[in-house]
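# Structural features, examined
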Amino acid sequence: MVKLGLSLAWTYLANNPAGRCSNKWTDFFGNSRDFLELLEKEPVTSIEFRHFDEVENKKTIHSAAKAISETSFNATVHGDINYKDIGRELFDIFPWYPILLSHIPEKIKNTVITLHPVLSPDNDMERSKELSVCLINDLLEMTDKEGIQVRFSLEIQRNKGLYDPGTTYDGIMEIHRRVNNPRLGVNWDMGHTQSNVNQGKLSQYPGQSFLAEVNHTHIHDLNLKGQTHWPLTQGRIPLAENVKLLERVSYNDIYNLELATDRFAHEKDAGISILKSISILNSTIITCKNELSEEALSSI
């Protein structure tokens, strides 16, 4: 079975067309209920809550959660953390979690929460690693205490010239090893990776140790200028090669499409390119699975 996800803004799901992306989704597909009904006819199986920084009140969280409760979709969450969260309580860091639990408990059981590495306020790379390890350990301890068996996924970042330990495979894996908890995996963001490859900062493909820890993905393309989070119609990431690498290590989690609609809304047929991206991703995964199955049979 193909597990295919799509990231949508909390505010769009709540039918509040605010924020940098929500109004674009509304322009393309109308209200979220209509779009979710359309997606249920597509091969999408999961929705990722994104852009929590744009949420202004709990009503938006309730409305977004209710929207997903009325569908067949499972859910994942893009978590937002920073160094100021160290020492805070779990539901202060993730105020959405108890609300999701009240609306969609089965859909978020053992869900994946994506995390970015924490950046040090004094631009110190080693301190950023230490802060990341400390906060992730805190989150794991607090979720254990609450009996919440969510999984976390540490996302590889786009190189922006910052003191960010998360822009390389080795940097992500160092934090992962130091945390050393089976509930922490790796989020392979294929668009960020390709951006870093294009900048000459990263080799094209991660090694086996990285691939073996991937428990979530963010998938998007780059435009001609190298801007990330564009539709897969751009054809600038090695999608099939990446999928095959994951399939070879028996990846069994979500292939999640993460698009920033504000970046390509001006393009002709922008909304159609989103639906095409879903189709491209789904067909690529199916083709890769079939090819690898044929390889395995031929080797017997």
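Structure report, in brief. (Residues numbered from 1 in each chain as written. Predicted model: local features only at pLDDT ≥ 70, side-chain atom pairs only at ≥ 80, totals over all residues. Heavy atoms only, no water.)

On a plain count of helices and strands, the chain comes out with 13 helices and eight strands. Relative to a compact globule of 300 residues, whose C-alpha radius of gyration would be 19 Å, the chain shows 19 Å and is just as compact. Along the first, second and third principal axes, the C-alpha set of the chain runs to 50 × 45 × 40 Å. When burial is assessed residue by residue, the chain has 53% of its 300 residues classed as buried. Taking the intrachain contacts of the chain between residues at least 6 apart in sequence as the baseline, contacts between residues at least 24 apart amount to 77%. Carbon together with sulfur atoms contributes 46% to the accessible area of the chain, which is approximately 13400 Å² in total. A distance of 2 Å separates the average location of the 31 positive side-chain charges in the chain from that of its 40 negative side-chain charges. (Helix = DSSP H or I, 4+ residues; strand = E, 2+ residues; numbered from the N terminus. Rg over C-alpha atoms; globule rule 2.2 N^0.38 Å. Buried < 20%, exposed > 50% of the residue type's maximum accessible area, 1.4 Å probe, protein only. Contact = heavy atoms within 4.5 Å. Areas by Shrake-Rupley, 256 points an atom, 1.4 Å probe, with all protein chains shown as cover. Lys, Arg positive; Asp, Glu negative; His and termini not counted. Charge placed at Lys NZ, Arg CZ, Asp CG, Glu CD.)

Aromatic rings considered in pairs are described by the distance between their centres and by the relative angle of their planes. Enumeration over the complete set of coordinates arrives at 17 aromatic pairs. On the numbers, 6.3 Å between centres and 40 degrees between planes, the contact of W10 with W96 is tilted. Pair noted here: W10 is in helix 1 (residues 10-13) and W96 is in the loop between helix 5 (90-93) and helix 6 (97-103), with a separation of 86 residues, a long-range link. Judged by relative accessible area, W10 falls into the buried class, the value being 0%. When the centroid spacing of 6.4 Å and the interplanar angle of 85 degrees are considered together, the rings of W188 and F210 count as edge-to-face. Here W188 is found in strand 6 (residues 184-189), whereas its partner F210 is found in helix 10 (residues 208-211), with 22 residues between them in sequence. Like W188, the residue F210 is buried in the burial classification. (Phe/Tyr/Trp six-rings, centres within 6.5 Å; stacked < 30°, edge-to-face > 60°.)

Every buried residue of helix 2 (residues 19-29) is listed here: C21, S22, W25 and F29. Buried residues of helix 2, seen end-on, are gathered within an arc of 105 degrees and therefore sit on one face of the element. The elements touched by buried residues of helix 2 are strand 1 (4-9), helix 1, helix 3 (32-39), helix 12 (261-264) and helix 13 (270-298). A positive backbone phi angle near 80 degrees is found at G30, which sits one or two residues after helix 2. (Arc of directions from axis to C-beta.)

Direction vectors running N to C along helix 7 (residues 125-145) and helix 8 (residues 169-179) enclose 45 degrees, while the axes themselves pass 10 Å from each other. Classed by the angle they form, the pair helix 7 and helix 8 counts as oblique. Classified by chirality, the crossing of helix 8 by helix 7 is right-handed. Packed against helix 7, whose contacting residues are K129, E130, S132, V133, I136, N137 and L140, the element helix 8 presents E174, I175, R178 and V179 at the interface. (Axes fitted to C-alpha atoms, helices over the stretch in contact; angles between N-to-C directions. Parallel < 35°, antiparallel > 145°, perpendicular 65-115°, else oblique. Left-handed = near helix turned anticlockwise from the far one by under 90°.)

All right, on to the pattern of salt bridges then. One pass over the full model with this rule turns up 16 salt bridges. A salt bridge links R127 to E130, with the shortest nitrogen-to-oxygen separation between them at 3.3 Å. With R127 and E130 both in helix 7 and three residues apart, this pair spans about one turn of that helix. Relative accessible area serves as the criterion here: at 38%, R127 is assigned to the partly exposed category. In this structure E130 comes out as partly exposed when scored by relative accessible area, which is 37%. (Salt bridge = Lys/Arg side-chain N within 4 Å of Asp/Glu carboxyl O.)

This part is about helix 7. When the terminal C-alpha atoms of helix 7 are compared, their 30 Å separation across 21 residues agrees well with the 30 Å that a helix rising 1.5 Å per residue should span. Regarding helix 7, the residues found buried are S128, K129, L131, S132, V133, L135, I136, L139, L140, M142 and T143. Among the structural elements, helix 5, strand 4 (112-115), strand 5 (151-155), helix 8 and strand 6 are those in contact with the buried residues of helix 7. Taking the backbone nitrogen of E126 as reference, a side-chain oxygen 3.1 Å away marks D124 as the first, capping residue of helix 7. Of the residues flanking the end of helix 7, it is G147, one or two places downstream, whose phi is positive at about 75 degrees. (Expected span 1.5 Å × (residues − 1). Polar contact = N/O pair within 3.5 Å; in protein donor to acceptor, adjacent residues only side chain to side chain.)

On to the side chain of N256. Mapped onto the secondary structure, N256 falls in strand 8 (residues 255-257). When sequence neighbours within four positions are dropped, the list of residues in contact with N256 reads G5, L6, S7, E48, T76, H216, T217, H218 and I219.

The parallel open sheet is built from eight strands, whose spatial order is 7-6-5-4-3-2-1-8. Sheet topology places strand 7 (214-218) and strand 8 at the edges, where each strand pairs with a single neighbour. Recorded for the sheet is a direction-independent mean angle of 30 degrees between the axes of neighbouring strands. Note: strand 1 against strand 2 (residues 46-50), five bridges, orientation parallel. (Pairing = 2+ DSSP bridges.)

All we've got here are geometric facts, nothing functional implied.
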